[in-house]
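Residue-level structural notes
The lines below spell out each chain.
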Amino acid sequence: MNILQKENYTLVSVDTSFDEFSASLQSLISNHLVLEVSENLNIDDAIISLFLEVATSFKQNGMSFVVVKSGIDIDDFPENLNIVPTLQEAEDVLEMEAIERDLGF
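Residues numbered from 1 in each chain as written. Predicted model: local features only at pLDDT ≥ 70, side-chain atom pairs only at ≥ 80, totals over all residues. Heavy atoms only, no water.

Let's talk about the sheet that holds strand 3 (residues 33-37)
With mixed pairing, the five strands of this open sheet are ordered in space as 1-2-3-4-5. Bordering the open sheet on either side are strand 1 (2-5) and strand 5 (82-84), each of which pairs with just one other strand. On average, each strand axis in the sheet is tilted by 20° relative to the strand beside it, whichever way the strands run. Inspection of the sheet shows strand 3 paired to strand 4 (residues 65-68) by four bridges, in the parallel sense. Across the sheet, Leu 33 pairs through a bridge with Phe 65, a residue of strand 4. Along the sheet, helix 3 (residues 51-60) makes contact with strand 3 and strand 4, crossing strand 4 at roughly 145°. (Pairing = 2+ DSSP bridges. Helix = DSSP H or I, 4+ residues; strand = E, 2+ residues; numbered from the N terminus. Axes fitted to C-alpha atoms, helices over the stretch in contact; angles between N-to-C directions. Contact = heavy atoms within 4.5 Å.)

Overview of the environment of Leu 52
Tracing the backbone shows Leu 52 in helix 3. Those residues in contact with Leu 52 that lie beyond four places of it in its chain are Pro 78, Asn 80 and Leu 81.

Note that all results are geometric; they support no functional claim without further evidence.
Written as structure tokens, this is what we have:
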């Protein structure tokens, strides 16, 4: 797991397992978070669904949570769980959610 502090968010890249990420999640909740899942990491929809609670917690605290993983059918997940195929799209989601918060949505 690699953690990189960007200007407006924290980027966490997971390439082996989610155990380390889960253990450090509480310390990461102070900023918008983008979770980039390696293409080499084989995960199923059930594991990604576990992030729904995390996404809800972030939203309640006025922050964004985005999962970056290609090859996933986003229609299989609730709308409030942001899943995108690229880092650029994750940054776009962060920007759109910032605008929504500014407008009071």
